[in-house]
Amino acid sequence: GAVVSQHPSWVICKSGTSVKIECRSLDFQATTMFWYRQFPKQSLMLMATSNEGSKATYEQGVEKDKFLINHASLTLSTLTVTSAHPEDSSFYICSAHGREGNIQYFGAGTRLSVL
Amino acid sequence: AQSVTQLGSHVSVSEGALVLLRCNYSSSVPPYLFWYVQYPNQGLQLLLKYTSAATLVKGINGFEAEFKKSETSFHLTKPSAHMSDAAEYFCAVSDSGGYQKVTFGTGTKLQVIP
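Residues numbered from 1 in each chain as written. Chains lettered and ligands numbered in written order. Predicted model: local features only at pLDDT ≥ 70, side-chain atom pairs only at ≥ 80, totals over all residues. Heavy atoms only, no water.

Chemist: Could you clarify how one ought to interpret the pattern of salt bridges in this entry?
Modeler: Pairs can form between side chains of opposite charge once their charged atoms are near each other. Under the defined criterion, the tally for this structure stands at four salt bridges over all chains. Between Glu-22 of chain A and Arg-24 of chain A there is a salt bridge, with its nearest N and O atoms 3.4 Å apart. Owing to a relative accessible area of 25%, Glu-22 of chain A belongs among the partly exposed residues under this scheme. Residue Asp-85 of chain B is joined to Lys-78 of chain B by a salt bridge in which the shortest nitrogen-to-oxygen separation is 2.8 Å. According to the relative accessible area criterion, Asp-85 of chain B is buried, its value standing at 3%. Lys-78 of chain B sits in the buried class, given a relative accessible area of 10%. (Salt bridge = Lys/Arg side-chain N within 4 Å of Asp/Glu carboxyl O. Buried < 20%, exposed > 50% of the residue type's maximum accessible area, 1.4 Å probe, protein only.)

Structural data, given as structure tokens:
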């Protein structure tokens, strides 16, 4: 099946710094990618839909200036958590639609810990 | 609007016993339904999907699910639980048609007792 690579898998940063997370589709082109946030023992909450070559579509309540999304190519989307604070600590997961269109393939996730 | 409800945040079964994880959906249009599995500190892996073809869907690792429109359900089953099945399972729904965003249930943690 389709492979989505997410990097890094774990990052620890100081409060106030910015962190970039990469999501790559390895064997297919993904015009649409999704970014999710998952709190401990909870479900995935969609943060935004990333569209190649255009602005991301953010879900209600998600700060656009806080969570910057760039989808500059058909195989790469990035999520930058700007001026991170401890409350931003979470598990962030990206996904991409495969060739079938209606199936999402997920990255392994990035655990962000802000000190 | 679409949503899924997973009944039971925790389910425990004995090794070799039947696994039944419940999912009910709500959708204003014919839905696509999915079951995903998540192991600790990992992303989600697709177990199976329903996309308006056969109502009984077979997936990986011996899992299957049956779409019942009259009951708006899509329960996940496996005849015999294995220790390696212990994980978190998420039911999800999207509108039919490609490239739609997916709405996830709250998840069910499956514990398998030796």
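Chemist: Where do I start with the side chain of Thr-108 of chain B in this structure?
Modeler: Residues and elements named next belong to chain B. Assignment of secondary structure puts Thr-108 in strand E11 (residues 108–113). A distance of 2.8 Å separates the side chain of Thr-108 from the backbone oxygen of Gly-8, its partner in a polar contact. Each residue touching Thr-108, except ones within four places of it in the same chain, is listed here: Gln-6, Leu-7, Gly-8, Ser-9, His-10, Val-11, Leu-21, Ala-87, Glu-88 and Tyr-89. (Helix = DSSP H or I, 4+ residues; strand = E, 2+ residues; numbered from the N terminus. Polar contact = N/O pair within 3.5 Å; in protein donor to acceptor, adjacent residues only side chain to side chain. Contact = heavy atoms within 4.5 Å.)

Chemist: Honestly, the packing of aromatic side chains in this entry has me stumped. Any pointers?
Modeler: By convention here, two paired aromatic rings are described through the distance between centres and the angle between planes. For the structure shown, the criterion picks out 12 aromatic pairs over all chains. An angle of 50° between the planes, with centres 5.8 Å apart, marks the rings of Tyr-36 of chain B and Phe-104 of chain B as tilted. With Tyr-36 of chain B in strand E4 (residues 31–38) and Phe-104 of chain B in strand E10 (residues 103–104), the pair connects residues that are 68 residues apart, well separated along the chain. In this structure, Tyr-36 of chain B and Phe-104 of chain B share a single accessibility class: buried. Through successive ring pairs, a cluster of aromatic residues spans Tyr-36 and Phe-106 of chain A together with Phe-34, Tyr-36 and Phe-104 of chain B. (Phe/Tyr/Trp six-rings, centres within 6.5 Å; stacked < 30°, edge-to-face > 60°.)

Chemist: Just checking my understanding: could you explain the side chain of Lys-78 of chain B for this structure?
Modeler: Relative to the helices and strands, Lys-78 of chain B is located in strand E8 (residues 73–78). Not counting residues up to four positions away in its chain, the partners in contact with Lys-78 of chain B are Ala-17, Leu-18, Val-19, Asn-61, Gly-62, Phe-63 and Asp-85 of chain B.

Chemist: What am I meant to see in the interface of chain B and chain A here?
Modeler: Size of an interface: often given as the accessible area lost when the parts come together. With 21 residues of chain B at the contact, the number on the chain A side is 24 residues. In total, chain B and chain A occlude about 1,700 Å² of area from one another, counting both sides; carbon and sulfur atoms represent 58% of this. Where chain B meets chain A, there are zero salt bridges. The interface formed by chain B and chain A includes three residue pairs in polar contact (both at pLDDT 80 or more). Put simply, the parts of the chain that give the side of chain B that touches chain A at least two residues each are E4 and strand E5 (44–50) of chain B. Per-element tally for the side of chain B that touches chain A: the top contributor is E4 of chain B, with four residues. Across the side of chain B that touches chain A, the residue classes break down as nine nonpolar, 10 polar and two charged. (Buried area = accessible area lost by both parts, 1.4 Å probe. Nonpolar A, V, L, I, M, F, W, Y, C, P; charged D, E, K, R; others polar.)

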